[in-house]
Amino acid sequence: MIIIGERINGMFRDIANAIRERDPRAVIEWAKKQEAMGAGYLDLNVGPAVADRVSAMKWLVEVTQEASKLPLCLDSTDYDAIEAGLEICKRPAMINSVPAIQEKMDRVFTLASKYNAEVIGLAMNEEGIPKDAESRVALAMELVANCDAYGVPIDNLYIDPLVLPCNVGQDHGPEVFETLRQIKMLSDPPPKTTVGLSNISQGTKNRELINRVFAVMAMACGLDSAIADACDEELVASIATARVVLNMDIYCDSYVDVFKSQNQ
Amino acid sequence: MAVELFKEKYRSQVREVVLGATKEEGGTRSHTLKVGGESALPFLHFEGKIPNRPLVAMEIWDIVPEEWPAGLKSFFEDVYNDPGAWAKKCVEEYGADLIAVRFKSADPDIKDASAEECIATLKKVLEAVGVPLIIYGCGKAEKDNTIIGPLAEAAEGENLLLGVAEQDNFKSVASAAMAYKHCLIAQSPIDINIAKQLNILIAEMSTPLLDRIVIDPTVASLGYGIEYSYSIMERARFGALQGDRMLAMPTIANVGHEVWSKKESFISEEEQPGWGCQEERSIGWEAATAGALLQAGMDILVMRNPKAVGLVKKLIDDMMQDNS
């Protein structure tokens, strides 16, 4: 499973300060740290408090791609900010994200086609997040159909079935796993899958344990990637172990180190 | 309507390793050889690139190989006492792509030859032939650790293929390869997990060595569990093509050594009338073993019988015909 490192996000105070002061140090530090820990992508989110999202996103892209060779995942609801970032990305990037709402899909898949970008598609629409797997899968199919219509390769699409915290939306857990399984049957080749991993543990006391358990259970259902804390060593070790148990990587005694170094 | 063949797409490829060095490159070889570089399963030219043909090395010893059966020895009777002449005959008469020198004389139970004596032999072979060389010790790790380093030093710049690094004894060979710029054989006991781990251990000593490792996965001969060797190799090659960098090395097998220690190769027709002519049988046994390993992706075959070598080189010619 690919880890999309979540840490360069204006929700964190050090990154918010960095963006405000245009001081690259914290961004560089987290880019390097997440890369060293085994992240495969770096998520960039300018956060809620920024007035000019376009220039903030451009700055984050510039600073991050100086510090790391990893592909970037541009995370914003402001598609102008995403487009500004895509224009200056040196490597094909990922767009995070688009719901199954027609005018948004029109904009995002056009961008994806133009910039050869990957896309995270959310299994939700104007009515919000569905309760059951069937409705999630139906929205996933809309995303697949639009992706195909805009000529974006289906395996450049990552569907996020949307995870709710296990203390408030406990009944969503099994629905998410079922959605992950069914997404792999939607097309050939099938779309990829992703989740915002830390959502599962929002507001709970034992967040890291819940994240790790959820990650390996979801991998067994077909999860390909997750926006997650790449610096949680136990999480990375759990993912590396699940890859061995699922016969995705060939075992050797140093398999955790090999997993961490594979993107470097 | 034409049937469209389904083609598998792989995202990675086997590393390419260069053996030998010419004068311009700091050695004395007449040419260099490349192995590996495949981006598809063996000989599936239509699915990817098979840029380098598999190579056949012929094995020579630095002592008279008394234990070899008469039928095999007869090919080399005139040259046994001269490793240089033996190597030359293998290259010029039998078409060996490389020469593998086995320093049997170093065995403490045979002659316990010193590093200096081994170096003198190596120099003779280097002078006699222009092809790149593979060197093996006597097979006893403790003694081999005392000769491989000096041999590597004496042939600095020749880019030899040094044998063999094993999981519990890899440092001397890896250090010699690192210090004197040679390639090395990483040998594991028919165990893919150890094959991978050994490459990691070598890479921890020196990352650039990753591009100079040739994996010896250890093979069995036909009838002695070759299917097990085959499946290990197949799994490693799938891993390499799918992006496992720690298994993406070309491979080498001691085919002659395995085959000629099995009774099917050496027992006479008088002893086993039902088995037919010993000479034909042994050639077939060695060639068929080599052929099966080629299909599993073997890049270098170390062989003994010149007639089997001829058959295998013909097979490689045929399999390297473009089928894309």
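Remember, predicted model here, so these are calculated numbers, not experimental data. (Residues numbered from 1 in each chain as written. Chains lettered and ligands numbered in written order. Predicted model: local features only at pLDDT ≥ 70, side-chain atom pairs only at ≥ 80, totals over all residues. Heavy atoms only, no water.)

Focus on the overall build of chain A
Alright, step 1. The number of helices and strands found in chain A is 10 helices and 8 strands.
Alright, step 2. In terms of overall size, chain A behaves like a compact globule, its C-alpha atoms giving a radius of gyration of 18 Å where 264 residues would be expected to give roughly 18 Å.
Alright, step 3. Oriented by its inertia axes, the alpha-carbon framework of chain A measures out at about 50 × 45 × 35 Å.
Alright, step 4. The burial tally for chain A puts 56% of its 264 residues in the buried class.
Alright, step 5. A separation of at least 24 residues holds for 68% of the contacts in chain A among residues at least 6 apart in sequence.
Alright, step 6. When the accessible surface of chain A is split by element, carbon and sulfur atoms take 51% of a total near 11500 Å².
Alright, step 7. Charged side chains in chain A number 25 positive and 39 negative. The centres of these two groups are separated by 6 Å. (Helix = DSSP H or I, 4+ residues; strand = E, 2+ residues; numbered from the N terminus. Rg over C-alpha atoms; globule rule 2.2 N^0.38 Å. Buried < 20%, exposed > 50% of the residue type's maximum accessible area, 1.4 Å probe, protein only. Contact = heavy atoms within 4.5 Å. Areas by Shrake-Rupley, 256 points an atom, 1.4 Å probe, with all protein chains shown as cover. Lys, Arg positive; Asp, Glu negative; His and termini not counted. Charge placed at Lys NZ, Arg CZ, Asp CG, Glu CD.)

Notes on the pattern of salt bridges
Residues and elements named next belong to chain B.
Alright, step 1. What the rule picks out here adds up to 33 salt bridges over all chains.
Alright, step 2. Across the salt bridge formed by Lys-307 and Glu-279, the nearest N and O atoms sit 3.3 Å from each other. Residue Lys-307 is located in helix α11 (residues 306-319), and its partner Glu-279 is located in helix α10 (residues 278-295); the two are separated by 28 residues in the primary sequence. (Salt bridge = Lys/Arg side-chain N within 4 Å of Asp/Glu carboxyl O.)

Remarks on the pairing of strand β4 (residues 94-99) of chain A
All names here are of chain A.
Alright, step 1. Counting buried positions along β4 gives 6 out of 6 residues, so the element sits mostly inside the fold.
Alright, step 2. Relative to β4, strand β3 (residues 72-75) runs parallel, the two sharing 3 bridges. Opposite Cys-73, over in β4, you have Met-94 as the bridge partner.
Alright, step 3. Where the polypeptide runs from β3 across helix α4 (residues 79-88) and back to β4, its parallel neighbour, the crossover connection is right-handed.
Alright, step 4. Where β4 and strand β5 (residues 118-122) come together, 5 bridges link them in parallel fashion. Among the inter-strand pairings, Ile-95 is bridged to a residue of β5, identified as Val-119. (Pairing = 2+ DSSP bridges. Right-handed = clockwise from strand over helix to strand, strands pointing away.)

Things to note about the domain arrangement of chain A
Residues and elements named next belong to chain A.
Alright, step 1. According to the domain assignment, chain A contains domain 1 (1-91) and domain 2 (98-231).
Alright, step 2. A straight line from the C-alpha centre of domain 1 to that of domain 2 covers 21 Å.
Alright, step 3. Facing the 19 residues of domain 1 at the interface are 25 residues of domain 2.
Alright, step 4. With both sides pooled, the region where domain 1 packs onto domain 2 buries about 1800 Å², and carbon together with sulfur makes up 65% of that total.
Alright, step 5. By the criterion of area lost to domain 2, the three top residues of domain 1 are Met-1, Glu-6 and Tyr-79, representing 39% of everything that side buries.
Alright, step 6. The residue Glu-83 makes a salt bridge to Lys-114 at a minimum N-O spacing of 3.7 Å.
Alright, step 7. One can count 10 residue pairs in polar contact (both at pLDDT 80 or more) joining domain 1 with domain 2.
Alright, step 8. Among the secondary structure elements, those contributing two or more residues to the side of domain 1 that touches domain 2 are β1 (2-9), α2 (25-36) and α4.
Alright, step 9. Per element, the largest residue contribution to the side of domain 1 that touches domain 2 is 6 residues, and it comes from α4.
Alright, step 10. For the side of domain 1 that touches domain 2, the per-class residue count stands at 12 nonpolar, 2 polar and 5 charged. (Domains from an automatic or database assignment. Buried area = accessible area lost by both parts, 1.4 Å probe. Polar contact = N/O pair within 3.5 Å; in protein donor to acceptor, adjacent residues only side chain to side chain. Nonpolar A, V, L, I, M, F, W, Y, C, P; charged D, E, K, R; others polar.)

Let's talk about the environment of Arg-11 of chain B
Residue and element names in this part refer to chain B.
Alright, step 1. Within the secondary structure, Arg-11 sits in the segment before β1 (16-19).
Alright, step 2. By relative accessible area, which is 71% here, Arg-11 ends up exposed.
Alright, step 3. Sequence separation between Arg-11 and Ser-114 is 103 residues; the distance between their C-alpha atoms is 48 Å.
Alright, step 4. Apart from the residues lying within four places of it in its own chain, the contact partners of Arg-11 are Leu-241, Gln-242 and Gly-243.
Alright, step 5. Engagement of the side chain of Arg-11 in a polar contact is seen with the backbone oxygen of Gln-242, the distance being 2.9 Å.

Focus on a nonpolar patch on the surface
Alright, step 1. A contiguous nonpolar surface patch, about 250 Å² in accessible area, is contributed by Leu-209, Val-213 and Met-217 of chain A.
Alright, step 2. Relative to the helices and strands, Val-213 of chain A resides in helix α8 (residues 207-220). (Patch = residues over 30% accessible without salt bridge, like charges linked within 9 Å, V, L, I, M, F, W, Y side chains within 5 Å.)

Regarding the environment of Glu-166 of chain B
Residues and elements named next belong to chain B.
Alright, step 1. The residue Glu-166 is located in the loop between β6 (161-165) and α5 (171-180) in this model.
Alright, step 2. Residue Glu-166 is classed as partly exposed on the basis of its relative accessible area, which comes to 30%.
Alright, step 3. As a C-alpha pair, Glu-166 and Pro-54 span 112 residues in sequence and 24 Å in three-dimensional space.
Alright, step 4. Excluding anything up to four places from it in sequence, Glu-166 contacts Gln-187 and Leu-198.

Observations concerning the packing of aromatic side chains
Residues and elements named next belong to chain B.
Alright, step 1. On inspection of all chains with the given rule, the structure shows 12 aromatic pairs over all chains.
Alright, step 2. Between Trp-68 and Phe-76 the ring centres are 6.3 Å apart and the planes differ by 70°, which places this aromatic pair in the edge-to-face class.
Alright, step 3. Between Tyr-80 and Trp-86, the aromatic rings sit 5.1 Å apart at their centres with planes inclined by 80°, giving edge-to-face as the arrangement. With respect to class, Tyr-80 is no different from Trp-86; both count as buried.
Alright, step 4. Site record: aromatic cluster; members linked through ring pairs are Trp-61, Trp-68, Phe-75, Phe-76, Tyr-80, Trp-86 and Tyr-94.
Alright, step 5. Above the ring of Tyr-136, the side-chain terminus of Arg-102 is found at 4.7 Å from the ring centroid. (Phe/Tyr/Trp six-rings, centres within 6.5 Å; stacked < 30°, edge-to-face > 60°. Lys NZ or Arg CZ within 6 Å of the ring centre and 35° of its normal.)

Points about the sheet that holds strand β8 (residues 225-228) of chain A
Residue and element names in this part refer to chain A.
Alright, step 1. Around the barrel, which closes on itself, the 8 strands sit in the order β1-β2-β3-β4-β5-β6-β7-β8 with parallel pairing between neighbours. For this sheet, the mean inter-axis angle between neighbouring strands, taken without regard to orientation, is 30°.
Alright, step 2. On top of the sheet, α4 reaches β3 and β4; it is set at about 160° to β4, its chief contact. (Axes fitted to C-alpha atoms, helices over the stretch in contact; angles between N-to-C directions.)

Some points on the packing of helix α5 (residues 102-115) of chain A against helix α6 (residues 133-149) of chain A
Residue and element names in this part refer to chain A.
Alright, step 1. Where α5 contacts α6, the axes come no closer than 10 Å and their chain directions differ by 40°. The orientation of α5 relative to α6 falls into the category oblique. Every pair of crossing elements has a handedness; the one defined by α5 and α6 is right-handed. The segment α5 lies against α6, with Gln-102, Met-105, Asp-106 and Phe-109 engaging Glu-142, Leu-143, Asn-146 and Cys-147.
Alright, step 2. Broken down by class, the residue content of the contact of α5 with α6 amounts to 4 nonpolar, 2 polar and 2 charged. (Parallel < 35°, antiparallel > 145°, perpendicular 65-115°, else oblique. Left-handed = near helix turned anticlockwise from the far one by under 90°.)

Observations regarding α8 of chain A
All names here are of chain A.
Alright, step 1. Taking 1.5 Å per residue, 14 residues should reach 20 Å; α8 reaches 20 Å between its end C-alpha atoms and fits that length.
Alright, step 2. All buried positions along α8 are accounted for by Asn-211, Arg-212, Phe-214, Ala-215, Ala-218 and Met-219.
Alright, step 3. Where α8 is buried, its residues contact α7 (172-183), β7 (192-196) and α9 (233-245).
Alright, step 4. Just downstream of α8 lies Gly-222, where phi reads positive at about 110°. (Expected span 1.5 Å × (residues − 1).)

Considering the interface of chain A and chain B
When the parts come together, some accessible area is lost, and that loss is often what is quoted as the size of the interface.
Alright, step 1. Opposite the 8 residues of chain A that make contact, chain B presents 12 residues.
Alright, step 2. Of the roughly 870 Å² buried between chain A and chain B on both sides combined, carbon and sulfur atoms contribute 50%.
Alright, step 3. One can count 0 salt bridges joining chain A with chain B.
Alright, step 4. Class assignment of the residues belonging to the side of chain A that touches chain B gives a composition of 4 nonpolar, 3 polar and 1 charged.

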